[in-house]
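Reading the structure
One letter stands for each residue in the lines below.
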Amino acid sequence: MSNGPHAKLAELGLTLPEVTAPLASYVPAVQSGQHVYVSGQLPLAEGKLLATGKVGNGVSAEQAKDLAQRCALNALAAVDSLVGLENVVKIVKLTGFVASAPGFTGQPGVVNGASELFGAVFGEAGRHARSAVGVAELPLDAPVEVEVIVEVA
């Protein structure tokens, strides 16, 4: 397991956080057949948002990219708690939502924070289909939210 996903995270200097408690009436992740559907993950650490506001007005694109990585890390924690990261076959689909100031069009670069983490942890199995969507508001005034569909063994 020296080259497994937990080892890759350690090489990146990252550890999986505790699974974030849902903010409403849903579960962090659910398995259906060979897929795990991860609910939208915010950039939370220890139950607190790491930043609030709009990307392009108060939150830089680079900061938002880091926040997207945190969202992805939280998504991996949800997958791990449900089925174990070692059972991930493929990151299938990533949808990133970016709370965008008027005129901000750099959503793809922001969502790269999540995409690049999945690639670093899973290699070719981390390459995925993706949408990067600019939105007016996100829960709790979060700048970024990420949801993921994962194929598992």
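A brief structural summary. (Residues numbered from 1 in each chain as written. Predicted model: local features only at pLDDT ≥ 70, side-chain atom pairs only at ≥ 80, totals over all residues. Heavy atoms only, no water.)

It is worth spelling out the environment of Leu49 at this point. With respect to the helices and strands, Leu49 occurs in strand β4 (residues 48–49). Note on Leu49: relative accessible area 21%, which makes it partly exposed. Expressed as a C-alpha distance, the spacing of Leu49 and Ala125, which sit 76 residues apart in the sequence, is 29 Å. When residues no more than four places from it in sequence are discounted, the contact partners of Leu49 are Leu42, Pro43, Leu44, Leu140 and Ala142. (Helix = DSSP H or I, 4+ residues; strand = E, 2+ residues; numbered from the N terminus. Buried < 20%, exposed > 50% of the residue type's maximum accessible area, 1.4 Å probe, protein only. Contact = heavy atoms within 4.5 Å.)

Two elements, strand β2 (residues 35–41) and strand β9 (residues 144–152), share five bridges in a ladder whose sense is antiparallel. Following the sheet pairing, His35 is matched in β9 by Glu151. Sheet topology note: the strand β7 (residues 88–99)/β9 ladder contains nine bridges and is antiparallel. Of the residues in β9, the one forming a bridge with Leu94 is Val148. (Pairing = 2+ DSSP bridges.)

Further remarks concern the packing of helix α2 (residues 61–83) against helix α3 (residues 107–122). The interhelical angle for the contact between α2 and α3, taken along N-to-C directions, is 45°, at an axis separation of 7 Å. With respect to each other, α2 and α3 are oriented oblique. Pair α2 / α3 crosses with right-handed handedness. Residues Ala61, Ala64, Lys65, Ala68, Gln69, Ala72, Leu73 and Leu76 of α2 form the contact with α3, whose participating residues are Gly109, Val110, Val111, Asn112, Gly113, Ala114, Glu116, Leu117, Phe118 and Phe122. When the residues that make up the contact of α2 with α3 are grouped by side-chain class, the tally is 12 nonpolar, four polar and two charged. (Axes fitted to C-alpha atoms, helices over the stretch in contact; angles between N-to-C directions. Parallel < 35°, antiparallel > 145°, perpendicular 65-115°, else oblique. Left-handed = near helix turned anticlockwise from the far one by under 90°. Nonpolar A, V, L, I, M, F, W, Y, C, P; charged D, E, K, R; others polar.)

Moving on, we get to the side chain of Arg70. Considering the arrangement of structural elements, one finds Arg70 in helix α2. No salt bridge is formed by the buried Arg70, whose closest oppositely charged neighbour, Glu46, lies at an N-O distance of 7.1 Å. Within polar-contact distance, the side chain of Arg70 engages the backbone oxygen of Leu44 at 3.0 Å. (Lys, Arg positive; Asp, Glu negative; His and termini not counted. Salt bridge = Lys/Arg side-chain N within 4 Å of Asp/Glu carboxyl O. Polar contact = N/O pair within 3.5 Å; in protein donor to acceptor, adjacent residues only side chain to side chain.)

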